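Each chain, written out:
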Amino acid sequence: MGTLSVFLDVPLAPSTDIPLDAYKADPSSLKVCLGHADTDEVWIPPVVKRILLQIPEDPTLNHEYLPELGILEFTTAAMKLVIGKESRAAGIQTIGGTGAVWTGAEFLHRWYKPSNCTPTTVLLAEHHLENLGCIFQVAGFTDIRTYRYWNPERLTRQNQCNAFSFLPLGLCRFLQERHLFPFFDVPAQGLASGNLDRDAWAVRHFVDRGFEILCAQSFSRIFGLYDERIGNLIVVTKNNQTLIKILSQLAKQISVTWLGPTSLGARVISMVLTSPALLYEWKQSLKALVKRIMLVREKLKEKLRILGTPGSWEHLTAQSGVYSFIGLLPSQVEFLAKEKHIYLLSNGQINICSINAKNLDYVAQSIHEAIMSTSHQDQSVTVRIYSSPTHVSKSESFY
């Protein structure tokens, strides 16, 4: 037998944009990773902690395989959380939100048949190209494009019709008249505004207007169950007959992918969503987390103001949710890593929950120094500002 591996030509896959390896290898006691939540303070709602202790004591539960489409009680409750009661819809339990996107992308590539014969175009928000774009590419789509939500020069939210300027009509009218297909991604419902219904408005608006849609849900952040990988794919169709056919194909697709989903996380979420008392307690916990996130945004903005950091920092509190584009240039991000041991995405996106009372002052001072160092090199350099709204994507179809 030869000494060389038959896999000798396999290339090393490029790493993700978040420099975790560099962060982990950094021996500095000051190091901060702004791309992830503080692992020492992972948020788990108290009600979830209690249920996790109760479930192992339940004698009625077993460890049998779940059906391909998951626990019906979970998928029904999860679906209701986003679109309310809807007779022409169903949910499919998946391995995390990524699994929901993957399942939907695979299904669409096989079964979505637009009236023309041209390749289906997938249009994604620019900052989702690296992760979601790869999923659609592996699923078989070849024409993947991006658009922006934010105008970095005017520091304003991009007009969606302008974002789709290469299309012949305005966005909403275009979707209706050309029968495009919306695929929503809801990674953290409730963490934008603190109100579950308000955060689901866009999805419900499309459903109310009669669109057929897919919607990927993730429960990692809002239930603190990161290691359980619980997701749900919502399918909304024109009628029940079509829905039954779609579910049969998705069940077959899942049976040759991961056979069936896991149970623990889904059981926890089901117990919370189907109990009025537990649901109320969980909602209150969500609201408290959102207040904490907004407080961090306020404090960081105020620290930068006191330091006299160049640029406007109002965008920190104008945005909402766990993630934020703070508006740093790639050179400033590089300065933070090399000089201050602070690591984040090259586009300046951070996880607000990675900032806490222990590192707030250091992070603010370091951002100030990064911007001042760049300003000294080139007086024409300004801070770029971005926004991170709820993600909606498109295709010739509209993913």
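Structure shown above.
My aim in this report is to walk through the structure given alongside it, one point at a time. A quick note: this is a predicted structure, and the numbers were derived from the prediction, not measured.

Thresholds applied
Residues numbered from 1 in each chain as written. Predicted model: local features only at pLDDT ≥ 70, side-chain atom pairs only at ≥ 80, totals over all residues. Heavy atoms only, no water. Helix = DSSP H or I, 4+ residues; strand = E, 2+ residues; numbered from the N terminus. Buried < 20%, exposed > 50% of the residue type's maximum accessible area, 1.4 Å probe, protein only. Contact = heavy atoms within 4.5 Å. Areas by Shrake-Rupley, 256 points an atom, 1.4 Å probe, with all protein chains shown as cover. Polar contact = N/O pair within 3.5 Å; in protein donor to acceptor, adjacent residues only side chain to side chain. Core = buried A, V, L, I, M, F, W, Y, C linked by side-chain atoms within 4.5 Å. 1 Å grid on protein atoms, 1.4 Å probe; cavity = no way out; pocket = protein on both sides within 12 Å on 5 of 7 lines; lining within 4 Å. Points joined across faces, edges and corners; volume = space filled by probe spheres on them. Nonpolar A, V, L, I, M, F, W, Y, C, P; charged D, E, K, R; others polar. Expected span 1.5 Å × (residues − 1). Patch = residues over 30% accessible without salt bridge, like charges linked within 9 Å, V, L, I, M, F, W, Y side chains within 5 Å. Salt bridge = Lys/Arg side-chain N within 4 Å of Asp/Glu carboxyl O.

1. Topic: the overall build of the protein chain
Logical step 1: Within the protein chain one finds 16 helices and 13 strands.
Logical step 2: Here the protein chain holds 399 residues, and the buried ones make up 49% of them.
Logical step 3: Of the contacts formed within the protein chain by residues at least 6 apart in sequence, a portion of 74% connects residues at least 24 apart.
Logical step 4: As displayed, the protein chain has an accessible area near 20400 Å², and 56% of this comes from carbon and sulfur atoms.

2. With respect to the side chain of Q253
Logical step 1: Topologically, Q253 is positioned in helix α11 (residues 240-255).
Logical step 2: According to the relative accessible area criterion, Q253 is buried, its value standing at 15%.

3. Observations concerning the side chain of D199
Logical step 1: By the element assignment, D199 lies in helix α8 (residues 196-199).
Logical step 2: Within the local environment of D199, its side chain forms a polar contact with the backbone nitrogen of L191, the two atoms lying 3.4 Å apart.
Logical step 3: Among the polar contacts listed, one links the side chain of D199 to the backbone nitrogen of A192, at a separation of 3.1 Å.
Logical step 4: Here D199 is in contact with A188, Q189, G190, L191, A192, S193 and G194, once residues within four sequence places are set aside.

4. So, the nonpolar core
Generally speaking, soluble globular proteins have nonpolar side chains that are buried together.
Logical step 1: F219, F223, W282, L328 and L344 are the most contacted members of the largest nonpolar core, which has 54 residues in total.
Logical step 2: Looking at this core, the element that brings in the most residues is helix α13 (residues 276-307), giving nine residues.
Logical step 3: Excluding residues within four positions of it along the chain, F219 makes contact with F74, A78, L81, G224, L225, I230, G231, N232 and I269.
Logical step 4: Within the second largest apolar cluster, 26 residues are counted, among which are F181, F183, A216 and L247.

5. Some thoughts on unusual backbone geometry
Generally, phi is negative for residues other than glycine and the peptide bonds are trans, each holding for most cases.
Logical step 1: One non-glycine residue, R229, adopts positive backbone phi at about 50°.
Logical step 2: The phi angle at H341 is positive, at roughly 65°, despite the residue not being glycine.
Logical step 3: Mapped onto the elements, H341 comes out in the loop between α15 (330-340) and β11 (342-343).

6. Brief notes about empty space enclosed by the protein
Logical step 1: Evaluated as defined, the whole model comprises two cavities of 30 Å³ or more.
Logical step 2: For the second largest cavity, the calculated volume is near 40 Å³.
Logical step 3: Taken together, L81, V186, A188, Q189, Q217, S218, F219 and I222 make up the lining of the second largest cavity.
Logical step 4: Looking at side-chain class alone, the lining of the second largest cavity contains five nonpolar, three polar and no charged residues.

7. Topic: helix α3 (residues 72-83)
Logical step 1: In a regular helix each residue adds 1.5 Å, so 12 residues correspond to 16 Å; α3 covers 16 Å between its end C-alpha atoms and thus fits that length.
Logical step 2: Looking only at α3, the buried set comprises F74, T75, A77, A78, M79, L81, V82 and I83.
Logical step 3: The first or second residue beyond α3 is G84, which carries a positive phi of 75°.

8. Quick look at a nonpolar patch on the surface
Logical step 1: On the surface, a cluster of nonpolar side chains totalling about 370 Å² of accessible area is made up of V6, F7 and V10.
Logical step 2: Turning to its location among the elements, V10 is positioned in the segment before α1 (20-25).

9. Some points on the pattern of salt bridges
Side chains that differ in charge, positive against negative, can pair when their charged atoms come close.
Logical step 1: In this structure the tally under the stated criterion is nine salt bridges.
Logical step 2: For K301, the salt bridge identified is with E314, shortest N-O distance 3.3 Å. Linking K301 in helix α13 with E314 in the loop between α13 and α14 (315-318), this pair joins segments that are 13 residues apart in sequence.
Logical step 3: In this structure K301 comes out as buried when scored by relative accessible area, which is 16%.
Logical step 4: The shortest N-O distance in the salt bridge between E302 and R305 comes to 2.5 Å. Of this pair, E302 and R305 both sit in helix α13, three residues apart, which is roughly one turn of that helix.
Logical step 5: A relative accessible area of 34% means that E302 is categorised as partly exposed.

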